[in-house]
Each structure stands twice: as structure tokens, then as C-alpha cells.
Amino acid sequence: MPELPEVETVRRGLQPVMEGARILSVEQRRPDLRFPFPERFSESLSGRTIMSIGRRAKYLTMHLDRDPVLICHLGMSGSFRILSGRSASLPGVFHHERSKDEAHDHVVFNVEDAHGEARRVVFNDPRRFGFMLFAESAVLNEHASLAGLGVEPTGNALDGTLLSELLRGRRAPLKAALLDQRLIAGLGNIYVCEALWRAGLSPRREAGSLGAAEADRLSSAIRDVIAEAIEAGGSSLRDYVRADGSLGYFQHSFSVYDRESQPCPRQGCGGTISRIVQSGRSTFYCPSCQR
DNA sequence: AAGTGAACCTGAAGGC
DNA sequence: TGCCTTCAGGTTCACT
């Protein structure tokens, strides 16, 4: 579910409550999510102080006052919500009222935040494609989950020259190449579709076939759409909410994603958005203006 | 090696 | 109403 902008939004939502907080206890309510929880999961976290919450691609990292680092992935349906500790013991007066199905509340962090407020930070994940793992901080980037990740589409690193290099020689469709986390890390189905539309490039193009001007356009489109989506607090489809319960609103800015049969929004195009399936996933694009 | 498709799991939505 | 199928923001594994 969550792509980079949603994960970054979650990180920013957790930051004010988690940074500087002390973990009093951790309730682990099942043995596994996508993977088994680490050995001594709760014991290793309890008593620690959270120094910072980081993000790499779609992974969240929780850095403590000593090892291990907690690596967390939200999978397709993972989310966090924050309850005030006091409200948590008084049903009906939660920090925010949105009550998700508590059957899928898999982990609860009981913390005391930097102001001494008791908080419950709850990880909910109906599909359980998310996971939590431990890593050694000194070799965090060599951890199996993070080691192979490509360039972040935020900041200045991703330009036309680098994108050309990454795509050179690749025979896969452009869509598939952009979803490959080893090349660019953090893009998912929504933002790949949106970036390709902005760049006027067909998702079916052979990835290695882009010219320099096209690679320039695409790298700009990727960076722009990711930056705008972060600014908007991500996209809220179905059940995605921010840690404070509010919704992101980038979904209102979709040009093609989930807009099959609707007119292409590009000025003067007049085309109609199509849905095709590429490597098992829906691609939305305008066959008229994306070539 | 690179590329494709299935698998993992639950819930929502649509068709009949 | 219920039952069935299809689909969903991701990653990993098995296969060609």
C-alpha cells in the first residue's frame, strides 16, 4: 500500500511522539507478520529511549539509545495510530475517534514521550505483509532489507544522466523498471503511473530505449510527483490514514491512477485513460499522449 | 542475468 | 440476503 510519500508521512506523524520517548513496554500480539518477529522483540525494546525515526525508501527505521535498530515495513495495509495513554484506558475518548478493527492491532508500543505524556503507538496491518526486523546500527545499510536499494527519488541525486545509466540496456517495460527497488527505491504502482503520465512516456516502452531528453523529463517528473505527494501527506485510498488519524489528499491529484475510461487530463490531448496489466499489476496511462 | 508470474493474507466491491 | 470472483499501495521466491 504505502509508497515512499505515505511512509514519509507516517514517519513525520510518529516523530513528535516517538523522538525522545522512552519505551515502557511493547505488546506483541502474534508470533509473526510477514516474517516472524525477532527473538526477544519486546525485551530488546523495553526500557530504551528512541533517538530518531528515519526512513529509507519504504522502510521506517527506529534508532534507539543502543542496538538494535528497529526496521519496519508497512507492506500493503500497515499503519500506525497514536493514542494518548490516558484515553487508551478510557474507551471512547481516544486521541482520535477513528476505530479500526482492533483484531489487526499486532503491536502496541507503550511509551512516555519527551514531555512525560503516556502514549500508545499501535501498529495495525490486516493483510500482514508488513514486518519488523532488528539490525545492528553500525551495519544498518548492509542489512538484507536495505542493502540492495537504489537511489532515493527525493533530493537532487536522481537526474536524467543517472536515470539513463540505470535504465541502459534494460529490455523490461519502463513501468517494470521503475518499480524495481534496486534502481530507484520508494516508487510504487501509483507514483510510477503518475510520473510516466507527467513525462508523456508510455509504460510499455522498453526501459533502455529512452533518449537523453526523455530521461531528463522522466527524472523531473518522478521527483516532482514524489515531492508533491509528500507535501500533500500522501494518498489515502481505502484504509490509509496518518498516525494522527487524518487523511492525505494527494489522491485528488491523480491524473491517471484508478481513472480507467476517464478523459486524459492533459490540455488538448482528448485521449482516454486505459488500464492494462504489466507483470501482474494494473497500469493506468493515456495511449494518446504517452508514447 | 534479467524478466515474469505466483505466493503471501484479508477485506471491499461488484456480479448474479 | 448470500455466494462467488476480482482486485488492492509490496516484496520475495521459483521458474524460464
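This structure is a prediction, so every number in the text was calculated from the model and none was measured.

What counts and how
Residues numbered from 1 in each chain as written. Chains lettered and ligands numbered in written order. Predicted model: local features only at pLDDT ≥ 70, side-chain atom pairs only at ≥ 80, totals over all residues. Heavy atoms only, no water. Core = buried A, V, L, I, M, F, W, Y, C linked by side-chain atoms within 4.5 Å. Buried < 20%, exposed > 50% of the residue type's maximum accessible area, 1.4 Å probe, protein only. Contact = heavy atoms within 4.5 Å. Helix = DSSP H or I, 4+ residues; strand = E, 2+ residues; numbered from the N terminus. Near = heavy atom within 4 Å. Polar contact = N/O pair within 3.5 Å; in protein donor to acceptor, adjacent residues only side chain to side chain. Nonpolar A, V, L, I, M, F, W, Y, C, P; charged D, E, K, R; others polar. Salt bridge = Lys/Arg side-chain N within 4 Å of Asp/Glu carboxyl O.

K.L.:
Help me understand the nonpolar core, please; the structure alone is not making it clear to me.
P.N.:
Across soluble globular proteins, nonpolar side chains show a tendency to be buried alongside one another. In terms of nonpolar packing, the biggest core is built from 42 residues, with L167, L174, L178, I184, L218, I222 and I226 touching the most fellow members. Leave out the neighbours within four places in its chain, and L178 touches I184, L187, V192, L196, L218 and I222. Membership of the second largest hydrophobic core comes to 30 residues, among which are V7, L14, M18 and V111.

K.L.:
Honestly, the side chain of H143 in this entry has me stumped. Any pointers?
P.N.:
Positionally, H143 belongs in the loop between strand 8 (131–135) and helix 4 (160–167). Setting aside anything within four residues of it in sequence, one finds H143 in contact with I71, L133, F134 and A135.

K.L.:
What is the right way to look at the protein's contact with DNA strand B in this model?
P.N.:
Near DNA strand B lie eleven residues; those nearest to it are H104, R127, R170, R171 and A172. If you look at DNA strand B and keep only atoms within 4 Å of the protein, 61% of those are sugar or phosphate atoms. R128 is positioned such that a nitrogen or oxygen atom in its side chain is 3.1 Å from a sugar or linking oxygen of DNA strand B. One of the backbone nitrogen or oxygen atoms of A172 is found 3.0 Å away from a phosphate oxygen of DNA strand B. Grouping the constituent residues of the surface near DNA strand B by class yields four nonpolar, two polar and five charged.

K.L.:
Explain the pattern of salt bridges here, please?
P.N.:
Where charged atoms from two side chains of opposite charge approach closely, those side chains can pair. Tallying each qualifying case throughout the model produces 15 salt bridges. Notably, a salt bridge pairs D32 with R30, separated by 3.0 Å at the nearest N-O pair. Salt bridges linked by common partners bring E8, R11, R12, R55, R56 and E152 together as one network.

These figures capture arrangement, not role.
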